[in-house]
Amino acid sequence: MTINQNLINLPSRAIKIGIFISGGLDSALLYYFLHKANVDANQRHKIIPITVIKNSKTLDYVTSILSYYNCNEDLLTMDGTVIQSVIKSRSLGFDKAFVGTIKELPEFLQGWESSTYSQNKFYRTPLAKFDKRQIVQAIVDNQLTKLFELTHSCANFEIGRCNKCNRCRERKWAFDQLDLVDPGVL
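Each value, and the rule that gives it
- Residues numbered from 1 in each chain as written.
- Predicted model: local features only at pLDDT ≥ 70, side-chain atom pairs only at ≥ 80, totals over all residues.
- Heavy atoms only, no water.
- Pairing = 2+ DSSP bridges.
- Helix = DSSP H or I, 4+ residues; strand = E, 2+ residues; numbered from the N terminus.
- Contact = heavy atoms within 4.5 Å.
- Axes fitted to C-alpha atoms, helices over the stretch in contact; angles between N-to-C directions.
- 1 Å grid on protein atoms, 1.4 Å probe; cavity = no way out; pocket = protein on both sides within 12 Å on 5 of 7 lines; lining within 4 Å.
- Points joined across faces, edges and corners; volume = space filled by probe spheres on them.
- Salt bridge = Lys/Arg side-chain N within 4 Å of Asp/Glu carboxyl O.
- Buried < 20%, exposed > 50% of the residue type's maximum accessible area, 1.4 Å probe, protein only.

A. Representation of the sheet that holds strand β2 (residues 46–52) in the model. Pairing within the open sheet is parallel, and its five strands lie in the order β3-β2-β1-β4-β5. Of all strands in the sheet, those bounded by a partner on one side alone are β3 (76–78) and β5 (123–124). Bridging between strand β1 (residues 16–20) and strand β4 (residues 96–98) involves three bridges; their strand directions are parallel. Across the sheet, residue isoleucine 17 finds its bridge partner in β4, namely lysine 96. Of the strands in this sheet, β1, β2 and β4 touch helix α1 (residues 25–40), which is tilted by about 160° from β1. Helix-sheet contacts for helix α2 (residues 58–68) involve β2 and β3, and the interaxial angle to β2 is about 155°.

Following this line, the structure appears as structure tokens:
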């Protein structure tokens, strides 16, 4: 199965869409596909980037990604969990919320709870069937490799990588599977 903007189905009527951007690869790729789908829809939808503040560097990574995409919408910041923020976004008048959740392989869930929640008409996770290897391949295929340098995956360090947490191991695994070198490793 190929990852492309056809994964995003936007309605014909104009709506307000929240796209949650974490500063990682998955949400950065999802933003790209959502933006492309909106361009194909003649820019009919209002797409607002949203981030949940995890640490003091979250905004740095997210604003770098948005700058890379020349996003001119104001970034909405929220506290709490992603699910709490998705619920809050609905109360703020959003018609849909897109989250870059991907397929969670058991080896990268050690000591973590799954972050996968069922989609509904409001909450969308179009990348949920894809693993990190497929995300990295889609980034290469779409010539978005600059994202490898702009994004951050580590759960333990705000800058750089611990290379021990599930997120670091998952990202390394993806690059190894594709026989690629991660230029984002410091």
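B. Inspection of the layout of surface pockets at higher detail. Put simply, the second largest pocket is a space of about 260 Å³. In this structure, the second largest pocket is lined by 13 residues; those nearest its centre are Leu7, Gln119, Arg124, Thr125 and Pro126.

C. Summary view of the pattern of salt bridges. Enumeration according to the criterion identifies eight salt bridges in this entry. Put simply, arginine 133 and aspartate 131 hold a salt bridge, and the shortest N to O gap is 3.4 Å. A salt bridge links glutamate 149 to lysine 146; its shortest N-O distance comes to 3.1 Å. Of this pair, glutamate 149 and lysine 146 both sit in helix α5 (residues 146–150), three residues apart, roughly one helical turn. Overall, glutamate 149 belongs to the partly exposed group, its relative accessible area being 46%. By sharing partners, the salt bridges in this structure join Arg161, Arg171 and Asp182 into a single network.

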